[in-house]
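Chain and residue survey
So you can see what is in the structure, the chains are spelled out below.
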Amino acid sequence: MKVGLCGTGRMGSALVLRLLETGHDVTVWNRDMSKTAPLVEAGAKTAPSPAAVAQASEVVISMLLNADAIEAVYAGDNGLLKTDLTGKLVIDMSTVLPETEEKLAERVRAAGGAYVECPVGGTVGPARTGKLLGFVGGADADVARAHPLLEQLCARIEHVGPPGAGARLKLAVNLPLLVYWQALGEALSLAKPLGLAPERLIDILSNTSGTPTAMKMKGPDIASALAGKPLGPAAFDVTAARKDLTVMRDYAQRLGVSAPTVEAALRGYDEAIAAGKGGEDAVSVPVYWSTRK
Ligand SMILES: NC(=O)c1ccc[n+]([C@@H]2O[C@H](COP(=O)([O-])OP(=O)(O)OC[C@H]3O[C@@H](n4cnc5c(N)ncnc54)[C@H](OP(=O)(O)O)[C@@H]3O)[C@@H](O)[C@H]2O)c1
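Below is a summary of the structure that appears in this document.

Quick notes on the rules
- In every chain, residue numbers begin from 1 and rise along the written sequence.
- Only residues with pLDDT of at least 70 get local features here, since the model is predicted, and only at 80 or more are side-chain atom pairs given and counted; chain-wide, interface and lining totals rely on the full set of residues.
- No hydrogens and no water enter the side-chain calculation; it runs on all heavy atoms of the structure.
- Secondary structure is summarised from DSSP: a helix means a run of H or I of at least four residues, a strand means a run of E of at least two, and numbering begins at the N terminus for each.
- To estimate the expected span of a helix, subtract one from its residue number and multiply by 1.5 Å.
- Think of it in three bands: residues with accessible area under 20% of the maximum for their type are buried, residues over 50% are exposed, and the middle band is partly exposed, with areas taken using a 1.4 Å probe on protein chains only.
- By the criterion applied in these results, polar contacts are pairs of N or O atoms within 3.5 Å in which, for protein atoms, one can donate a hydrogen and the other can accept it, and in which residues neighboring in sequence qualify only through two side-chain atoms.
- Residues are treated as being in contact if the distance between any of their heavy atoms lies within 4.5 Å.
- Stacked, tilted and edge-to-face are the three classes applied to pairs of Phe, Tyr and Trp rings, where Trp contributes its six-membered ring and a pair requires centres within 6.5 Å; stacked means planes under 30 degrees apart, edge-to-face means over 60, and tilted covers the rest.
- Note on geometry: a ring has a charge over it if NZ (lysine) or CZ (arginine) is within 6 Å of the ring centre and within 35 degrees of the ring normal.
- Any residue with at least one heavy atom within 4 Å of a molecule or strand is counted as near it.
- Under the convention used here, a 1.4 Å probe and the Shrake-Rupley method define accessible areas, while residue burial counts only the protein chains that appear.
- A positive count includes Lys and Arg, and a negative count includes Asp and Glu. His and the chain ends are not counted in either.
- When a carboxyl oxygen of Asp or Glu is within 4 Å of a side-chain nitrogen of Lys or Arg, the pair counts as a salt bridge.
- Helix axes are fitted to C-alpha atoms over the stretch in contact, other axes to C-alpha atoms as well, and angles between N-to-C directions run from 0 to 180 degrees.
- An angle below 35 degrees is read as roughly parallel, one above 145 as roughly antiparallel, one from 65 to 115 as roughly perpendicular, and any other as oblique.
- Polarity classes work like this: nonpolar for Ala, Val, Leu, Ile, Met, Phe, Trp, Tyr, Cys and Pro, charged for Asp, Glu, Lys and Arg, and polar for all others, with Gly in that last group.
- In this context, the arc is that of the directions from the helix axis out to the C-beta atoms.
- To form a nonpolar core, buried Ala, Val, Leu, Ile, Met, Phe, Trp, Tyr and Cys residues must be joined to one another through side-chain atoms within 4.5 Å.
- Strands were regarded as paired on the criterion that DSSP finds at least two bridges between them.
- By the criterion used throughout, a crossover qualifies as right-handed when its path from the first strand across the helix to the second strand runs clockwise, the strands pointing away from the viewer.

1. Considering helix 11 (residues 238-255)
Spanning 18 residues, helix 11 covers 25 Å between terminal C-alpha atoms, matching the ideal 26 Å at 1.5 Å per step. Taken together, the buried positions of helix 11 are Val238, Ala240, Ala241, Lys243, Asp244, Leu245, Thr246, Val247, Met248, Tyr251 and Ala252. Capping of helix 11 at its N-terminal end is provided by Asp237; its side-chain oxygen lies 3.2 Å from the backbone amide nitrogen of Thr239.

Okay, structure coming up:
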């Protein structure tokens, strides 16, 4: 299938490699086109604009940082909405507010296209290997059309309602994990007087009922960082995680529900960013919190 992808950041690039591996003809565009070079080497084509990606593709995926990026890529000069989308399926996988997805669905339909949102759980590794969790919003017929492609990217697909519904579930799913990183920083601070070796302490904490499954993968990185070793390249950085927390806060406000742990976690993330940790993986939040002076 001819698949286009706009937004070849960490997640978008991993998705492109997966799409190539599963036999698709992939055309990509990114604001910073230098990031597409490894993808071209792997077999992707480039197009000079999002509109040109759409013209070259049957399905267009976008994987963008936030609502501003969506606005630029869809409605900017030569954006996706500036071309006739008749017969094309557009799938946005970014993590944004439900209302951003609702409005985007209307605009894509007005340009002639079909629209499905599929924000995802999982990070770069699962994106690279087709093991994401897909939280899907869209009309039944559009989702049925997207399903075969999404099955190649996701180990589990949950269609939970119309556009906007996927974003609602994605924000709910991500909330406990992002709060956990701050909570872990506080737990590590409480355990500090014990003087246990980081590896042992993380091993104990990782085998308790309050621990998310993410610790299976991230625990060793955290232990190593607590022992003073640098963290490897970020899969999901502190700045992007903070963005997700602000989207959760804003969505909770719109719903009229209070989310005090999100507000509290945000303060920890803000402090980590102020200390220069914004570009590091989100697991630097507990490391920073428990080692700060
Ligand atoms: N990383 C993860 O583990 C993970 C997991 C699940 C969901 N997500 C979500 O997936 C989305 C992408 O995350 P990521 O980790 O791939 O982020 P990333 O590496 O920072 O990539 C962000 C992408 O958005 C583009 N972008 C940002 N601002 C833009 C603008 N104003 N105009 C045009 N393009 C813009 C970037 O283009 P440039 O390269 O030109 O800056 C890049 O392609 C986010 O919504 C994130 O919350 C991430």
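On we go.
2. Comments concerning the environment of Ala155
Looking at the secondary structure, you find Ala155 in strand 9 (residues 154-161). Look at Ala155 and you get exposed, because its relative accessible area is 56%. Each C-alpha atom, one on Ala155 and one on Gly130, is 6.4 Å from the other, the two residues being 25 residues apart in sequence. Contacts of Ala155, omitting those with residues within four sequence positions, involve Gly130, Lys131 and Leu132.

3. What about the packing of aromatic side chains?
As enumerated under the stated definition, the model contains one aromatic pair in all. The residue whose ring lies beneath Arg292 is Trp289, and the NZ or CZ to ring-centre distance is 3.7 Å.

4. Let's talk about the site of the ligand
Taken together, 25 residues form the shell around the ligand, and within it Met11, Asn30, Lys35, Thr123 and Ala235 come nearest. In this structure, an oxygen atom belonging to the ligand sits 3.2 Å away from a main-chain N or O atom of Gly9. Protein contacts shield 89% of the accessible area of the ligand, which totals 900 Å² for the unbound molecule. Of all elements in the fold, only helix 1 (10-21), helix 4 (67-75) and helix 11 reach the threshold of two or more residues within the shell around the ligand.

5. Let's talk about the side chain of Glu117
One can find Glu117 in strand 6 (residues 114-117). Notably, Glu117 is buried but unbridged: the nearest opposite-charge side chain belongs to Arg168, and the N-O separation is 6.5 Å. When residues no more than four places from it in sequence are discounted, the contact partners of Glu117 are Asp92, Glu101, Phe135, Val136, Gly137, Pro162, Pro163, Gly164, Ala165, Gly166 and Ala167.

6. Thoughts on the packing of helix 1 against helix 7 (residues 140-153)
Two numbers describe how helix 1 lies on helix 7: the axes approach to 9 Å, and their chain directions differ by 110°. It follows that helix 1 is roughly perpendicular to helix 7 by the angle criterion. From helix 1, Leu15, Arg18 and Leu19 reach across to helix 7, where they touch Leu149, Gln152 and Leu153. Counted by class, the contact of helix 1 with helix 7 contains four nonpolar, one polar and one charged residues.

7. Remarks on the packing of helix 4 against helix 5 (residues 98-110)
Remark: helix 4 packs on helix 5, axes separated minimally by 12 Å, with the N-to-C direction vectors making an angle of 5°. By the angle between their axes, helix 4 is roughly parallel relative to helix 5. Taken together, the residues of helix 5 that come into contact with helix 4 (itself represented by Ala67, Ile70, Glu71, Tyr74 and Ala75) are Thr100, Leu104, Arg107 and Val108. When grouped by side-chain class, the residues that make up the contact of helix 4 with helix 5 number six nonpolar, one polar and two charged.

8. Some details on helix 12 (residues 260-274)
Its 15 residues give helix 12 an end-to-end C-alpha distance of 21 Å, which sits within 8% of 21 Å, the value for a rise of 1.5 Å per residue. Within the sequence span of helix 12, burial applies to Val262, Ala265, Leu266, Gly268, Tyr269 and Ala272. For helix 12, the buried positions fall inside an angular range of 165° around the axis, keeping them on one side. Projecting away from the buried face of helix 12 at angles above 90 degrees are the exposed residues Pro260, Arg267 and Ala274. Buried residues along helix 12 sit in contact with helix 8 (165-191), helix 11 and helix 13 (284-291).

9. Describing unusual backbone geometry
Of note, the phi angle at Asn78 is positive, near 50°, even though the residue is not glycine. Tracing the sequence through the fold places Asn78 in the loop between helix 4 and strand 5 (89-92).

10. Observations concerning the environment of Ala52
Mapped onto the elements, Ala52 comes out in helix 3 (residues 50-55). The exposure class assigned to Ala52 is buried, which follows from its relative accessible area of 16%. Between the C-alpha atom of Ala52 and that of Pro193, which follows or precedes it by 141 residues, the distance is 59 Å.

11. Some thoughts on the nonpolar core
If you look at the biggest cluster of nonpolar residues, it comprises 34 residues, and the most contacted ones within it are Leu178, Trp181, Leu184, Met215, Ile222, Leu245 and Tyr269. Looking at this core, the elements with two or more residues in it are helix 8, helix 9 (198-206), helix 10 (214-226), helix 11, helix 12 and helix 13. With eight residues, helix 8 is the largest single contributor of residues to this core. Residue contacts for Leu245: discarding those within four places in its chain leaves Leu178, Val262, Ala265, Leu266 and Tyr269. By size, the runner-up hydrophobic cluster in this structure holds 32 residues, among which are Leu19, Ala114, Leu149 and Leu150.

12. What to know about the pairing of strand 6
Burial along strand 6 is two-sided: the residues Ala114 and Val116 and Tyr115 and Glu117 are all buried. Sheet analysis places strand 5 next to strand 6, joined by four bridges and oriented parallel. Note that in strand 6 the partner of Asp92 across the bridge is Glu117. Regarding topology, helix 5 serves as the crossover connection from strand 5 to the parallel strand 6, and that connection is right-handed.

Scope: geometric values only; no functional claims are made or implied.
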